[in-house]
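Observations on the three-dimensional arrangement
This is what each chain is made of:
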Amino acid sequence: MQVFDIFLLEAVVNGILLGGILALLALGLNLVFGVIDVVWICYAELIMLGMYAVYYGHNVFGWPLWLALVFGVAVVAVLGALLHQFVIRPVLAAEPINQLLVTGGVLFFLQAVATLAFGIEFKNIGIRLPQLSVGEMYLSVARLIAFLVALAGMIGMYLFLTRSYLGTAIRAISQDRAIMPLMGVNPNRIFLITSALGGGLAGLAACLLVLQYDIHPAIGLTFGPITFMVCVMGGLGNMIGGFIAAFIFAQFISVGGFFLHIEWGYVIAFVFFIGMMFWRPQGILGSK
Amino acid sequence: MKWAALVVLALAPLAGMGNYPLHLLIMCLLWGFVYTSWAIMGRLGMVSLGHGAFLGIGAYVVVLLWNHAGISPWLGTPIALVLTAVVAFVIGYPCFRFKIVGHYFALVTLALTEVARLVIVALRDQTGGSLGATPNTALADSAWSLGALQFSSKLIWFYIILVAWLAGLWIWGRVDRSMTRLALEAISQEEDAAASVGMNVTRLKLGVTLLSALMTCFGGVLYAQYQLYVNPETVSGIGISLQIVFGAIVGGMFVRLGPTVGAAITLLLAEVLRLAIGHDVHGLDTTIYGLMLVLFIIFMPKGILGAILEALEKRRAAKTAAATA
């Protein structure tokens, strides 16, 4: 079999585009982790609710798509802030593992609430973007958009964190949580804003996922784990590392899936992750 | 008192219990055993989200060997246990050697459980993929087959699983009273300090991890043989791994019967709500359960049984203090 054929190239290019989606997924989680030092295990469930919000806005209330998408982002941003205020704040002083587990409880809760409220039927917004044909390759337009949005999101985030006063305060508090109150910054307010931002980024991811996947209450479980792996491998809280890790993972999944089967692509990616944890537990770009 | 309760439990099914209550009782004990296995390492600061992998190995290896090679579960179980030990070692050793703790450990083990689920799904020609698998029946012309470890009578299963559960509690007690437990508690508080006074951190952690993984694997074997059906979602992956962790936490992972209480509460909650509301409302029991979990971890991290025992202890202490004064 000739290996370097057009289909392999297609797999590689699709892998790059999938990397864009993963990078976008990782962006919000990375922000929250970097600043508040808490892993939202329920992050993918927030995205799931964002997808439902877009669906309800567009298909049930009959709003134009752009309004539904804005609504989706807003809903998840509010959820992020609520999550911080009512769930994370009471356990901020507890052991780190309790913080992880409490968001695991939220995962169950959100999944069940979604089942209760929306039922277990698959929903989709009925918009399917076309396939783009380049030469003999077929590329998904939805993934292309996701890729560009992820890139823009990362650049926007970078500018916000480095150029704005609020961004500077967020970066400062992630470096030293104890000293910032002495500098006249209210850490809880910063955490709340960060959570809302992280939620907003999750909502952004939801907007792009809703264009290519059906919505159901358990959809979070399908891309939740891979999102954590991307963040951890990039070095938790390190956005550029997360961006690179997303593309590495996506290539494993896409090309591995091309040669074998899509599940094997994931298996290879996860085994690679475990190996990387032993080799560089601080992440590919992290420092000791 | 303790023994009387045990006798009542052992004799309860003989007093003409219906089939369904008996099934619930068996499930309580079976999941109680699995949650207890997890708590053996979980209470010592090693929060594994990967126990679904061990459960899945136990369930699938035995069923697949029986279906495709005709190997009896009596031989399949040791094979599954060996495989589990190898997997636990390959993951555990580097984790402990390179000091991967806290949520990094949780996420590495989370990757492991997903690998197990995906491998089962990917090998769909052998495992049946997402549709699950049923062990070939050996009960065509008899009510039970010892060689195939299949029994149509729930009563036999009740006693098998009761014995496994008691053995699990016994092992829990042995670990609880051992020096290893004290050493690991010290390690979970301050790993470097513990290592500096001569504790072999890697070996101690690995020992408890292997024990916990092997017990969980055995639980998987029992689950598959009792249910006579396995499915990648119910024995591996992130869902079941979190369920194990939360069951143990709700009951109380620091006390011996805590994980079993957690299993009982989880099962009974689902049943009571189903009886009260009916089958039509999907997700209500898990909504309440999820809410409970969040509240527990925030307000009662020692779990239901843990909190009750602590309150009793306090009252007793106050009484003795009053008596001596």
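Before reading further, recall that the structure is shown in the block above.
Residues numbered from 1 in each chain as written. Chains lettered and ligands numbered in written order. Predicted model: local features only at pLDDT ≥ 70, side-chain atom pairs only at ≥ 80, totals over all residues. Heavy atoms only, no water.

Comments concerning the overall build of chain A
Looking only at helices and strands, chain A has ten helices and two strands in total. At 19 Å, chain A has a C-alpha radius of gyration in line with the 19 Å of a compact globule built from 288 residues. Dimensions along the principal axes, computed over C-alpha positions, put chain A at roughly 65 × 50 × 35 Å. Burial statistics for chain A: of 288 residues in total, 54% are counted as buried. Put simply, of all contacts in chain A between residues at least 6 apart along the chain, 76% involve residues at least 24 apart. Counting every atom, chain A has about 11,800 Å² of accessible surface; 69% of that belongs to carbon and sulfur. Positive and negative charge centroids in chain A, built from 10 and 10 side chains respectively, lie 15 Å apart. (Helix = DSSP H or I, 4+ residues; strand = E, 2+ residues; numbered from the N terminus. Rg over C-alpha atoms; globule rule 2.2 N^0.38 Å. Buried < 20%, exposed > 50% of the residue type's maximum accessible area, 1.4 Å probe, protein only. Contact = heavy atoms within 4.5 Å. Areas by Shrake-Rupley, 256 points an atom, 1.4 Å probe, with all protein chains shown as cover. Lys, Arg positive; Asp, Glu negative; His and termini not counted. Charge placed at Lys NZ, Arg CZ, Asp CG, Glu CD.)

Points about the overall build of chain B
Helices and strands together make up the secondary structure of chain B, namely 15 helices and two strands. Taking 325 residues into account, the globule formula puts the C-alpha radius of gyration at 20 Å, and chain B, at 21 Å, falls close to it. Overall, the C-alpha framework of chain B stretches about 70 × 50 × 40 Å when taken along its three principal axes. Counting every position in chain B, which comprises 325 residues, the buried fraction comes to 51%. Contacts in chain B between residues far apart in sequence, at least 24 positions, make up 77% of those at least 6 positions apart. Taking the 19 positively charged and 14 negatively charged side chains of chain B as two groups, their mean positions are separated by 10 Å.

Description of helix 15 (residues 303-324) of chain B
Owing to its 3.6 residues per turn, the α-helix brings residues three or four apart onto one side. Residue and element names in this part refer to chain B. With 22 residues, helix 15 ought to run about 32 Å at 1.5 Å a step, and its terminal C-alpha atoms sit 32 Å apart, in line with that. Taken together, the buried positions of helix 15 are Gly303, Leu305 and Gly306. Considered in projection along helix 15, the buried side chains sweep an arc of 110 degrees and stay on one side of the axis. Relative to its buried face, helix 15 has exposed residues pointing more than 90 degrees away, namely Lys314, Arg315, Lys319, Ala322 and Ala323. Looking at the packing, one finds that the buried side of helix 15 touches helix 12 (238-251), helix 13 (258-277) and helix 14 (284-299). (Expected span 1.5 Å × (residues − 1). Arc of directions from axis to C-beta.)

Some words on the environment of Arg177(B)
Residue and element names in this part refer to chain B. Turning to its location among the elements, Arg177 is positioned in helix 7 (residues 154-177). Judged by its relative accessible area of 59%, Arg177 falls in the exposed class. For the pair Arg177 and Ala116, spaced 61 residues apart in the sequence, the C-alpha separation amounts to 33 Å.

Remarks on the pattern of salt bridges
Pairing between side chains becomes possible if they bear opposite charge and their charged atoms approach one another. Residue and element names in this part refer to chain B. A full pass over the atoms with the stated rule returns eight salt bridges over all chains. For the salt bridge of Arg117 with Glu114, the shortest nitrogen-to-oxygen distance reads 3.0 Å. One end of the pair, Arg117, and the other, Glu114, are both in helix 5 (residues 102-122), three residues apart, so they sit about a helical turn from each other. For the pair shown, Arg117 and Glu114 are each scored as buried. Put simply, Glu185 and Arg181 hold a salt bridge, and the shortest N to O gap is 3.1 Å. Separated by four residues within a single helix, Glu185 and Arg181 lie in helix 8 (residues 179-189), roughly one turn from each other. (Salt bridge = Lys/Arg side-chain N within 4 Å of Asp/Glu carboxyl O.)

Focus on empty space enclosed by the protein
Under the counting rule described, the total for this entry stands at two cavities of 30 Å³ or more. When its volume is computed, the largest cavity comes out at roughly 80 Å³. Together, Met41(B), Ser48(B), Gly50(B), His51(B), Phe54(B), Ala88(B), Ile91(B), Gly92(B), Phe105(B), Thr109(B), Leu112(B) and Thr209(B) line the largest cavity. For the lining of the largest cavity, the elements supplying multiple residues, two or more each, are helix 3 (51-69), helix 4 (73-97) and helix 5 of chain B. Residue composition of the lining of the largest cavity, by class: six nonpolar, six polar and no charged. Secondary structure elements with two or more residues in the lining of the second largest cavity: helix 1 (6-36) and helix 7 (187-209) of chain A. Of the residues assigned to the lining of the second largest cavity, the class counts are seven nonpolar, one polar and no charged. (1 Å grid on protein atoms, 1.4 Å probe; cavity = no way out; pocket = protein on both sides within 12 Å on 5 of 7 lines; lining within 4 Å. Points joined across faces, edges and corners; volume = space filled by probe spheres on them. Nonpolar A, V, L, I, M, F, W, Y, C, P; charged D, E, K, R; others polar.)

A word on the interface of chain B and chain A
Taken together, the contact between chain B and chain A spans 45 residues of the former and 42 residues of the latter. The junction of chain B with chain A conceals about 3,700 Å² of combined surface from both sides, 87% of it contributed by carbon and sulfur atoms. Here chain B is connected to chain A by zero salt bridges. Remark: the boundary between chain B and chain A carries zero residue pairs in polar contact (both at pLDDT 80 or more). When residues of the side of chain B that touches chain A are traced back to their parent elements, those giving at least two are helix 4, helix 5, helix 12 and helix 14 of chain B. Ranked by the residues each element gives to the side of chain B that touches chain A, the list is headed by helix 5 of chain B, at 15 residues. (Buried area = accessible area lost by both parts, 1.4 Å probe. Polar contact = N/O pair within 3.5 Å; in protein donor to acceptor, adjacent residues only side chain to side chain.)

Regarding the nonpolar core
Within soluble globular proteins, side chains that are nonpolar tend to cluster in buried spots. One finds Trp40(A), Ile47(A), Phe249(A), Phe273(A), Trp31(B) and Phe246(B) to be the most contacted residues of the largest nonpolar core, which totals 182 residues. It is helix 1 of chain A that contributes the most residues to this core, 15 residues altogether. With near-sequence residues (within four places) excluded, Trp40(A) lies in contact with Leu29(A), Val32(A), Leu46(A), Gly80(A), Leu83(A), Ile88(A), Thr103(A), Ser195(A), Gly199(A) and Phe228(A). With seven residues, the next largest nonpolar core counts Val62(B), Ala80(B), Cys217(B) and Val221(B) among its residues. (Core = buried A, V, L, I, M, F, W, Y, C linked by side-chain atoms within 4.5 Å.)

Digging into the packing of helix 4 (residues 96-118) of chain A against helix 12 of chain B
Between helix 4 of chain A and helix 12 of chain B, the least distance of the axes is 11 Å, while the angle of their chain directions is 115 degrees. Crossing geometry of helix 4 of chain A relative to helix 12 of chain B is assigned as left-handed. Of helix 12 of chain B, the residues touching helix 4 of chain A (which contributes Leu101(A), Gly104(A), Gly105(A), Leu107(A) and Phe108(A)) are Gly239(B), Leu242(B), Gln243(B), Val245(B), Phe246(B) and Ile249(B). (Axes fitted to C-alpha atoms, helices over the stretch in contact; angles between N-to-C directions. Left-handed = near helix turned anticlockwise from the far one by under 90°.)

What about a positive patch on the surface?
Residues and elements named next belong to chain B. Residues Lys2, Arg174, Arg177 and Arg256 make up a contiguous surface patch of positive charge. Mapped onto the secondary structure, Arg174 falls in helix 7. Arg174 sits in the partly exposed class, given a relative accessible area of 48%. (Patch = residues over 30% accessible without salt bridge, like charges linked within 9 Å, V, L, I, M, F, W, Y side chains within 5 Å.)

Function cannot be inferred from these measures alone, as they are strictly geometric.
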